[in-house]
Amino acid sequence: MVVEANAESPPQALMERLKDYGQEDAFALWDELSPRERQLLVDDIESLDLPRVDRIIRCSLRSQGLPVAAVEPVPESDVSAAEGRTMEERERWWKMGLKAISDGKLAVLLLSGGQGTRLGSSDPKGCFNIGLPSGKSLFQIQAERILCVQKLAVQALREGSVGSPQIHWYIMTSPFTDEPTRKYFESHKYFGLEAEQITFFQQGTMPCVSKDGRFIMETPYRVAKAPDGNGGVYTALKTSKLLEDMASRGIKYLDCYGVDNALVRVADPTFLGYFMDKGVDAAAKVVRKAYPQEKVGVFVRRGKGGPLTVVEYNELDPTLASAINQETGRLRFCWSNVCLHMFTLDFLNQVANGLEKDSIYHLAEKKIASIHGQTAGLKLEQFIFDAFPYAPSTALFEVLRDEEFAPVKNANGSNFDTPDSARLLVLRLHTRWVVAAGGFVTHSVPLYATGVEVSPLCSYAGENLEAICRGRTFHAPCEIAF
Ligand code: UTP
């Protein structure tokens with residue numbers, strides 16, 4: 001129904017509906033609005049699924065502070081620890097993964113709808129240049145890693161069948177990042193990937209609310225909204241009909257990750273092979289928590305033998321956070337979530353239906369831009385890991401922080417997880433690869449502040465570098481490329 005807003009007072013029926021949900025203040029400034037602004041306000045309210053939004057706000061606020069099952073550590077035996085892996089296992093998983101990729105069974109799912117407020121850039125985070133010698137953005141690094149895995153899969157294919165493996169890349173944006181992301185990819189010619197192998201889709205938004213659940217107005221004629229969290233991906237995949245699209249392409253596995261990790265091993269064949277070998281529905285790469293107070297969520301079991309889930313750092317009792325496992329001498333709650341997941345398509349289908357009905361969202365206290373300036377308010381979000389409790393079987397796969405985790409969260413000048421810290425992590429790792437491949441690195445600033453960068457087009461995880469590096473000297477900082 002189209003509601004025309006040319007009257008002196010707000011449309012009666014819409015006002016009544018808002019009153020039913022205690023949100024009539026959204027029309028508080030009606031008298032001061034121009035006819036055009038009135039129409040914009042009516043359209044904005046009409047675009048909201050009010051019964052659903054109201055249910056989510058009420059259930060989420062009510063669930064705060066309710067008792068939840070006690071947390072239990074994930075047993076060490078449920079985790080594939082890095083130090084326990086044999087060379088034979090690694091090679092087997094690598095080959096299994098590459099074979100499945102050659103068969104077109106893996107797609108990559110990028111979560112890129114966040115607003116990146118802490119980083120403070122007006123562009124989507126993926127466009128960010130962290131200052132590597134190549135000047136490549138996070139998107140370009142990830143695109144080139146996909147190209148590299150495709151090439152490795154072709155090489156693996158030579159020993160078997162024929163074909164040209166293509167890894168489909170699903171990129172989730174939000175209304176805040178969609179247009180600039182698409183334009184960025186287009187203007188960079190998809191970084192060498194085929195345009196048809198990339199599908200952009202948008203996640204939904206939720207109104208931002210005050211602590212008593214009322215809409216915060218961004219302008220007198222628009223409700224403040226924020227993306228519905230990276231767990232909005234499940235509903236977005238369903239509403240965009242992309243689960244069917246994946247099935248029609250023969251995709252069976254989804255490698256799902258956040259945009260803001262400069263060391264992310266996109267489409268990692270080893271992780272895929274491990275996942276297939278375990279035959280589980282959902283898995284996560286984890287890193288060991290660095291110290292008890294580190295601000296990362298950790299995987300736990302909810303109750304004895306209960307489902308696997310993630311507890312955020314501020315939800316974990318400080319005594320539990322620093323508790324030591326007497327047998328291992330390590331933290332009892334040590335498996336940090338770094339937003340690197342693998343799912344079967346079957347499980348994604350199942351969870352998209354389950355989570356859609358879930359009315360309890362996480363409440364994130366944030367500063368919200370409003371008609372009163374920056375106001376303290378709540379964003380309503382689902383998280384990607386909310387799916388784990390629904391999974392009949394799960395697995396955790398430890399990876400080494402200095403090999404796979406270089407987060408880009410905060411602006412330079414902050415104490416941690418900045419573009420500068422991520423750049424140094426990349427340079428250090430790549431320098432080690434080059435030296436291990438027989439290369440030499442010279443430098444005129446201390447090596448801890450510089451290093452060499454290896455183009456993902458040359459090497460995915462340090463392999464195949466001997467031919468380029470052996471006996472050669474590189475002066476840091478520089479990029480090693482073909
Ligand atoms: P973060 O919450 O760490 O980053 O999201 P952010 O939202 O971009 O930044 P801040 O919190 O505003 O500073 C982790 C990953 O989840 C994605 C982000 O793009 C990032 O890859 N994300 C986050 C979404 O895709 N959608 C969201 O609604 C939120």
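One can find the structure itself at the top, above this paragraph.
Rules used in this analysis
Residues numbered from 1 in each chain as written. Predicted model: local features only at pLDDT ≥ 70, side-chain atom pairs only at ≥ 80, totals over all residues. Heavy atoms only, no water. Phe/Tyr/Trp six-rings, centres within 6.5 Å; stacked < 30°, edge-to-face > 60°. Buried < 20%, exposed > 50% of the residue type's maximum accessible area, 1.4 Å probe, protein only. Helix = DSSP H or I, 4+ residues; strand = E, 2+ residues; numbered from the N terminus. Lys NZ or Arg CZ within 6 Å of the ring centre and 35° of its normal. Core = buried A, V, L, I, M, F, W, Y, C linked by side-chain atoms within 4.5 Å. Contact = heavy atoms within 4.5 Å.

1. Remarks on the packing of aromatic side chains
A full pass over the atoms with the stated rule returns 19 aromatic pairs. When the ring of Phe 185 is compared with that of Phe 191, the centres are 5.4 Å apart and the planes differ by 80°; the resulting orientation is edge-to-face. As far as burial versus exposure is concerned, Phe 185 and Phe 191 are alike and both buried. Between the aromatic rings of Tyr 253 and Phe 275, the centroid separation amounts to 5.9 Å while the plane-to-plane angle is 90°, which identifies the pairing as edge-to-face. Linking Tyr 253 in strand E10 (residues 253-258) with Phe 275 in helix H9 (residues 269-278), this pair joins segments that are 22 residues apart in sequence. The burial state of Tyr 253 is the same as that of Phe 275; both residues are buried. One aromatic cluster is present, built from ring pairs that chain together Phe 139, Trp 169, Tyr 184, Phe 185, Tyr 190, Phe 191 and Phe 200. One residue, Arg 85, lies across the ring of Phe 397, its end atom 3.7 Å from the ring centre.

2. Details of the nonpolar core
Formed by 46 residues in total, the largest nonpolar core has its most connected members in Phe 139, Trp 169, Phe 185, Ile 198 and Tyr 257. At 7 residues, the largest contribution of residues to this core is made by helix H5 (residues 138-158). Setting aside anything within four residues of it in sequence, one finds Phe 185 in contact with Phe 139, Trp 169, Ile 171, Tyr 190, Phe 191, Ile 198 and Phe 200. In terms of nonpolar packing, the next biggest core, distinct from the first, is built from 42 residues, Val 79, Leu 345, Ala 352 and Ala 391 among them.

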